[in-house]
Amino acid sequence: MSDLLNVFSAAGLWIEAAIEPQLSEDARGRYPHKQAWMNKYLGILMFKLRPHQ
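We now turn to the structure provided with this report. (Residues numbered from 1 in each chain as written. Predicted model: local features only at pLDDT ≥ 70, side-chain atom pairs only at ≥ 80, totals over all residues. Heavy atoms only, no water.)

Observations regarding a nonpolar patch on the surface
Point 1. Taken together, the side chains of Met1, Leu4, Leu5 and Leu42 define a hydrophobic patch exposed on the protein surface, amounting to about 360 Å² of accessible area.
Point 2. Assignment of secondary structure puts Leu4 in helix H1 (residues 2-10). (Patch = residues over 30% accessible without salt bridge, like charges linked within 9 Å, V, L, I, M, F, W, Y side chains within 5 Å. Areas by Shrake-Rupley, 256 points an atom, 1.4 Å probe, with all protein chains shown as cover. Salt bridge = Lys/Arg side-chain N within 4 Å of Asp/Glu carboxyl O. Helix = DSSP H or I, 4+ residues; strand = E, 2+ residues; numbered from the N terminus.)

With respect to the pattern of salt bridges
Point 1. Using the criterion set out here, one finds three salt bridges in the structure.
Point 2. Measuring nitrogen to oxygen at the nearest pair gives 3.3 Å for the salt bridge that ties Glu16 to Lys48. Pair noted here: Glu16 is in strand S1 (residues 13-19) and Lys48 is in strand S2 (residues 46-51), with a separation of 32 residues, a long-range link.
Point 3. On the basis of relative accessible area, Glu16 is assigned to the partly exposed category, the value being 35%.
Point 4. For Lys48, a relative accessible area of 40% gives the class partly exposed.
Point 5. Linked by salt bridges that have partners in common, Glu16, Lys48 and Arg50 make up one network. (Buried < 20%, exposed > 50% of the residue type's maximum accessible area, 1.4 Å probe, protein only.)

Some points on the packing of aromatic side chains
Point 1. Evaluated as defined, the whole model comprises two aromatic pairs.
Point 2. Between Trp37 and Tyr41 the ring centres are 5.3 Å apart and the planes differ by 40°, which places this aromatic pair in the tilted class.
Point 3. With a relative accessible area of 44%, Trp37 lands in the partly exposed category.
Point 4. Above the face of the Tyr31 ring, Lys34 is positioned so that its terminal group lies 4.8 Å from the ring centre. (Phe/Tyr/Trp six-rings, centres within 6.5 Å; stacked < 30°, edge-to-face > 60°. Lys NZ or Arg CZ within 6 Å of the ring centre and 35° of its normal.)

Listed below in C-alpha cells is the structure:
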C-alpha cells in the first residue's frame, strides 16, 4: 500500500477519496462466504486523485 501511495505522490497527485466497494444486501445474503472474505481482507480500492495545487 505504501508503494502505491508513494507512486501517487511522486506523480504530483493526492487522494481526494478512497472507496472500497461493498456487496449489496442481497449479494451478502446469497454469498456469505464472499462477505466473510471481504470482512477479513482488503479487496478492491478505488481512488479519486487530484493534482497538487
